[in-house]
Amino acid sequence: MRSAICVFGKISTFNFANSNQIFGHSQRVWQTRLIHSGNMQPRYLKQAEAIKLDEELFNYFGVEQLMELAGLSCASAIAEEYPESKNVLVVVGPGNNGGDGLVCARHLKMFGYLPEIFYPKRPAKILYENLTKQCELFEIPFLSSFPAQEELNTKYSLIVDALFGFSFKPPIRQEFSEIINTMIQTSTPCCSIDIPSGIINPDLNAN
Ligand SMILES: NC(=O)C1=CN([C@@H]2O[C@H](COP(=O)(O)OP(=O)(O)OC[C@H]3O[C@@H](n4cnc5c(N)ncnc54)[C@H](O)[C@@H]3O)[C@@H](O)[C@H]2O)[C@H](O)CC1
């Protein structure tokens, strides 16, 4: 029944340091249908397919509900794949991918992890403000600056990359380029929610 938990969520585990890409989990509604029909092979969505699926889902569900399920799914996948990696840095971007990250951080805290959040660009939208407030109520620290490489390598046992999802359009703007470059070079394992942030061609994710 794991597919039921992850129904709207999608996470890719990505070791930036050696570019060894492993897709540990990727479940979306119609993949669940495949699983239910007896075909256990996951199928990865291209950027255009993911956007289309999102549009379809938004006809039936609210963004809060979808985001809650996505964030919970990611936290569940992390708890399964990284049970010992308690010191987690969640790097949160300005869109819904970032929203998934805030939800994920909250659930990780409930699962006994010690997440910290870096959220440099916060849109003035009630949805993100509420998610931020909830994390604060859960006493999750918000960092005021991005850790330097050494700190990233030693202090954290896992990074959750919730910077950009399928709406990322290259090239990376200057304000995020240093963050992404530091994440690319870190030896700490990095889990990306949806696509790895800064990937030049998101359709590569399909492979
Ligand atoms: N149905 C689902 O499974 C759900 C998926 N969700 C997640 O939502 C994202 C897509 O969210 P969206 O807000 O459309 O976009 P992003 O978060 O990917 O990014 C938008 C944000 O990024 C800025 N931006 C874009 N390109 C650049 C760039 N080159 N440099 C700097 N900044 C950039 C842009 O301006 C916006 O501010 C999807 O991937 C899922 O993770 C939802 O949670 C709903 C449920």
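The structure we're discussing is the one just above.
The notes below deal with the structure included here. The model shown is predicted, which means the values in this text are computed figures rather than measured ones.

Analysis parameters
Residues numbered from 1 in each chain as written. Predicted model: local features only at pLDDT ≥ 70, side-chain atom pairs only at ≥ 80, totals over all residues. Heavy atoms only, no water. Buried < 20%, exposed > 50% of the residue type's maximum accessible area, 1.4 Å probe, protein only. Helix = DSSP H or I, 4+ residues; strand = E, 2+ residues; numbered from the N terminus. Pairing = 2+ DSSP bridges. Right-handed = clockwise from strand over helix to strand, strands pointing away. Salt bridge = Lys/Arg side-chain N within 4 Å of Asp/Glu carboxyl O. Near = heavy atom within 4 Å. Polar contact = N/O pair within 3.5 Å; in protein donor to acceptor, adjacent residues only side chain to side chain. Areas by Shrake-Rupley, 256 points an atom, 1.4 Å probe, with all protein chains shown as cover. Phe/Tyr/Trp six-rings, centres within 6.5 Å; stacked < 30°, edge-to-face > 60°.

**So, the pairing of strand S6 (residues 158-162)**
For S6, the buried fraction is high: five of the five residues fall into the buried class. Where burial is concerned, the two faces of S6 agree: the one with Leu158, Val160 and Ala162 and the one with Ile159 and Asp161 are both buried. By the bridge criterion, five bridges tie strand S3 (residues 87-92) to S6 in an arrangement that is parallel. Residue pairing across strands places Val91 opposite Asp161, the latter belonging to S6. Pairing geometry for S6 and strand S7 (residues 190-193), over three bridges, is parallel. Within the sheet, the bridge partner assigned to Val160 lies in S7 and is Cys191. At this point the chain moves from S6, through helix H8 (residues 174-185), to the parallel S7, and the crossover so formed is right-handed.

**Topic: the pattern of salt bridges**
In total, this model carries five salt bridges according to the counting rule given. A salt bridge links Lys52 to Glu56, with the nearest nitrogen and oxygen atoms 3.1 Å apart. Of this pair, Lys52 and Glu56 both sit in helix H3 (residues 47-58), four residues apart, which is roughly one turn of the helix. Owing to a relative accessible area of 38%, Glu56 belongs among the partly exposed residues under this scheme. The residue Lys121 makes a salt bridge to Glu175 at a minimum N-O spacing of 4.0 Å. Of the two residues, Lys121 sits in the loop between strand S4 (114-118) and helix H6 (126-137) while Glu175 sits in helix H8, which places them 54 residues apart along the sequence. For Lys121, a relative accessible area of 33% corresponds to the partly exposed category.

**Concerning the site of the ligand**
Around the ligand there are 23 residues in total, and Asp54, Asp100, Gly165, Ser167 and Lys169 lie nearest to it. The contact in question runs from a nitrogen atom of the ligand to an N or O atom on the backbone of Pro171, over 2.7 Å. Note that an oxygen atom of the ligand is positioned 2.7 Å from one of the side-chain N or O atoms of Asp194. About the coverage of the ligand: the protein hides 88% of its 890 Å² of free accessible area. Among the secondary structure elements, those contributing two or more residues to the shell around the ligand are H3, helix H4 (63-81) and helix H5 (96-110).

**Structural notes on the packing of aromatic side chains**
What the rule picks out here adds up to three aromatic pairs. An angle of 80° between the planes, with centres 5.1 Å apart, marks the rings of Phe164 and Phe176 as edge-to-face. With Phe164 in the loop between S6 and H8 and Phe176 in helix H8, this pair connects stretches of sequence that are 12 residues apart. Looking at Phe164, the relative accessible area reads 14%, which means it is buried. Site record: aromatic cluster; members linked through ring pairs are Phe164, Phe168 and Phe176.

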